[in-house]
Amino acid sequence: MSSPSKRREMDLMKLMMSDYKVEMINDGMQEFYVEFHGPKDSPYHGGVWRIRVELPDAYPYKSPSIGFVNKIYHPNVDEMSGSVCLDVINQTWSPMFDLVNVFEVFLPQLLLYPNPSDPLNGEAAALMMRDRNTYEQRVKEAIDFRRLLALMRRFKGHLCEGDKGHLCSIAKPSDKLLMELISMELKYSSLASERLFTC
């Protein structure tokens, strides 16, 4: 049987070869970020999250520690810390699982099938149980607003000093991303002050 350090190395290489964007935190292979896309057929589709992964010394016999770095509105994710309430990570982990399972099975399942009866975010859980449509709309608005913020950072040089920060009309109209930004900025400018959408 391979050593834990060899298994960590193999699992990390397998994750990278599965086309996941991985960014190492230190020189070792125990802490890193993974870019995770929301699954299709869920209100999280179109969202992109940075997941922090920490592999314990005893990995794969002990589960990895994972958490969302950027905010996500979900009953089973703590809004402040990004920690995840997921049985297969926290209690029923097996050395038969690997990092690809986390990103191709466990996290997509978490976003496809939230469990409001065991919440880390009580507000999201209550809203989901009370009004599923409003909950899904709030998830989508949060994703759209995060995309808006990312686009605004990219094109911050095009923002007007006056006119409440709206984009200048002299910006390049041929740039598809910039046109999307203008559209989103107009749609979501009234939401900027809401607590949910703070960075």
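Because the structure is a prediction, the values reported are computed rather than measured.

Caption draft 1: Expanded view of the overall build of the protein. Looking only at helices and strands, one finds six helices and four strands in the protein. Put simply, the protein runs from its N terminus to its C terminus through helices and strands in the order α-β-β-β-β-α-α-α-α-α. For the protein, with 199 residues in total, the buried portion stands at 42%. If you take every contact in the protein between residues at least 6 apart in sequence, the share linking residues at least 24 apart comes to 54%. Carbon together with sulfur atoms contributes 52% to the accessible area of the protein, which is approximately 11,500 Å² in total.

Caption draft 2: Geometry of the pairing of strand β2 (residues 31-37). Here three bridges tie strand β1 (residues 22-24) to β2, and the two strands are oriented antiparallel to one another. From the neighbouring strand, E23 faces β2, where its bridge partner is Y33. As consecutive antiparallel partners, β1 and β2 are separated by six residues. As defined by bridge partners, β2 adjoins strand β3 (residues 48-54) across seven bridges and the pair is classed as antiparallel. Across the sheet, residue F32 finds its bridge partner in β3, namely V53.

Caption draft 3: Seen up close, the pairing of β3. Only one face of β3 is buried: it carries W49, I51 and V53, and the other face, with V48, R50, R52 and E54, is open. Pairing geometry for β3 and strand β4 (residues 65-68), over four bridges, is antiparallel. Within the sheet, the bridge partner assigned to E54 lies in β4 and is S65.

Caption draft 4: Quick look at the sheet that holds β1. In space, the four strands of this open sheet follow the order β1-β2-β3-β4, with antiparallel pairing throughout. With partners counted over all chains shown, the strands left at the sheet margins are β1 and β4, one partner each. Taken over all neighbouring pairs, the strand axes of this sheet differ in orientation by 25° on average, direction set aside. Helix α1 (residues 4-17) contacts β1 and β2 of the sheet and is inclined by roughly 140° relative to β1. Lying over the sheet, helix α3 (residues 99-112) contacts β2, β3 and β4, oriented at roughly 50° with respect to β2.

Caption draft 5: Spotlight on the nonpolar core. Core analysis: the largest hydrophobic core is formed by 36 residues, its most contacted members being W49, I51, V53, F103 and L107. Secondary structure elements with two or more residues in this core: α1, β2, β3, β4, α2 (87-90), α3, α4 (122-130) and α5 (132-154). Considering every element that reaches this core, the biggest residue donor is α3, with eight residues. When residues no more than four places from it in sequence are discounted, the contact partners of F103 are L15, Y20, V34, F36, I51, V53 and P108.

Caption draft 6: Expanded view of the environment of P64. Its place among the elements puts P64 in the loop between β3 and β4. Among the residues examined, P64 registers a relative accessible area of 2% and is labelled buried. Between the C-alpha atom of P64 and that of R52, which follows or precedes it by twelve residues, the distance is 10.0 Å. If sequence neighbours within four positions are ignored, P64 has contacts with V53, E54, L55, P56, Y59, I89, W93, L99 and V102.

Caption draft 7: Summary view of unusual backbone geometry. In this chain, Y59 is followed by P60 through a cis amide linkage whose omega measures 15°. By the secondary structure assignment, P60 is in the loop between β3 and β4.

Caption draft 8: Broad picture of the UniProt feature "active site" (unreviewed entry) in the protein. Within this structure's numbering, the places UniProt gives as "active site" (unreviewed entry) are C85. By the element assignment, C85 lies in the loop between β4 and α2. Leaving out residues up to four positions away in the same chain, C85 has contacts with N76, N90, L110, D118 and L120.

Caption draft 9: Representation of the packing of α1 against α3 within the structure. In contact at an axis separation of 7 Å, α1 and α3 are set at 40° when each is read in the N-to-C sense. Classified by the interaxial angle, the pair formed by α1 and α3 is oblique. Here D11, L12, K14 and L15 of α1 come into contact with α3, specifically with L99, V100 and F103. Along the lines of polarity and charge, the residues of the contact of α1 with α3 split into five nonpolar, no polar and two charged.

The rules behind each value
- Residues numbered from 1 in each chain as written.
- Predicted model: local features only at pLDDT ≥ 70, side-chain atom pairs only at ≥ 80, totals over all residues.
- Heavy atoms only, no water.
- Helix = DSSP H or I, 4+ residues; strand = E, 2+ residues; numbered from the N terminus.
- Buried < 20%, exposed > 50% of the residue type's maximum accessible area, 1.4 Å probe, protein only.
- Contact = heavy atoms within 4.5 Å.
- Areas by Shrake-Rupley, 256 points an atom, 1.4 Å probe, with all protein chains shown as cover.
- Pairing = 2+ DSSP bridges.
- Axes fitted to C-alpha atoms, helices over the stretch in contact; angles between N-to-C directions.
- Core = buried A, V, L, I, M, F, W, Y, C linked by side-chain atoms within 4.5 Å.
- UniProt positions renumbered as here; feature names shortened; annotations may be inferred.
- Parallel < 35°, antiparallel > 145°, perpendicular 65-115°, else oblique.
- Nonpolar A, V, L, I, M, F, W, Y, C, P; charged D, E, K, R; others polar.

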